[in-house]
Each structure stands twice: as C-alpha cells, then as structure tokens.
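Each chain, written out:
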Amino acid sequence: MYLNLKVAIWQTGLRQNRLAQTLNMDEALLSRIINGFREPTPEQRTRIAQVLQKDEHWLFAREQELPHPAEPVAVGAAEGEATPEPNPA
C-alpha cells in the first residue's frame, strides 16, 4: 500500500474518482495503484506526482520503507524491568 499517496490525496481534498478523471485514468486502476495491488508505470507515477504536487519518491514509498515510530515504553519501568500485567478483574 502507498500510505503517502493516500495521505496526499486526502490532504488535497480530491476524491479518488476526481483524481482518476484528472489523470484520464480508470478509477479501478487508480484504486489498485493506491492500495498496492498494481505497480504504476513510470509515466503514471510522474503524472500522479505532478497533479498532487508532491515528490514522486515520497508518494510511492512502500509501508515497509517508511520509518516506524519507536516502540512505546512503559512509564516508570526501568530498562530491562518487567512491567506488571493489568489485573482483568
């Protein structure tokens, strides 16, 4: 899935069908590209980036390529110290 592409479309306020019309592209094809089921051609990548006015490489970074936030750390627990499980009473 191209998470950055989804975010960019949302930020512009464009609906997916309107973006497809602007790109002169089938809506189903655009949906498959956005959701990672179809790899866009270099020309499609360039056109989508131009319409959204975003960096092409950023738009088409896969989820596994994006930096992940640090794992949450329990407050008050020292490093290596186990935190007690909540009591499901």
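This structure is a prediction, so every number in the text was calculated from the model and none was measured. The residue count restarts for each chain, going from 1 along the sequence in the order it is written. Only residues with pLDDT of at least 70 get local features here, since the model is predicted, and only at 80 or more are side-chain atom pairs given and counted; chain-wide, interface and lining totals rely on the full set of residues. Calculation of side-chain values draws on the structure's entire complement of heavy atoms; hydrogens and water are dropped beforehand.

Trainee: Explain the overall build of the protein chain to me, and be specific about the residues and the numbers.
Mentor: The secondary structure listing takes helices from DSSP runs of H or I that are at least 4 residues long and strands from runs of E that are at least 2 residues long, numbered from the N terminus. Of the regular secondary structure elements, the protein chain holds five helices and zero strands. Reading the protein chain from its N terminus to its C terminus gives the helix and strand order α-α-α-α-α. Within the protein chain, the proportion of its 89 residues that are buried is 27%. Taking contacts inside the protein chain between residues at least 6 apart in sequence as the whole, the part at least 24 apart equals 58%. Only protein chains enter the accessibility calculation, which uses a 1.4 Å probe. A residue is then buried if its area is under 20% of the maximum for its type, exposed if over 50%, and partly exposed in between. Only heavy atoms matter for contacts: two residues are in contact if any of them lie within 4.5 Å across the pair.

Trainee: I'd love a proper account of the packing of helix α2 (residues 16-23) against helix α4 (residues 42-52), names of residues and values included.
Mentor: Under this scheme, a helix contributes an axis fitted over its contacting stretch, all axes are lines through C-alpha atoms, and angles between N-to-C directions fall in the 0 to 180 degree range. Contact geometry of α2 with α4 gives a least axis separation of 11 Å together with a crossing angle of 115°. For α2 against α4, the interelement crossing comes out right-handed. In this structure, α2 contributes Leu 19, Thr 22 and Leu 23 to the contact, and α4 contributes Arg 47, Ile 48, Val 51 and Leu 52. For any pair of crossing helices, the crossing counts as left-handed if the nearer helix is rotated counterclockwise from the farther one by less than a right angle, and right-handed if it is rotated clockwise.

Trainee: Can you tell me about the environment of Pro 40, naming the residues and giving the values?
Mentor: On the secondary structure map, Pro 40 appears in the loop between α3 (27-34) and α4. Pro 40 sits in the buried class, given a relative accessible area of 6%. Spatially, the C-alpha atom of Pro 40 lies 9.1 Å from that of Phe 60, the residues being 20 residues apart in sequence. Residues in contact with Pro 40, not counting those within four places in the same chain, are Tyr 2, Ile 33, Arg 45 and Phe 60.

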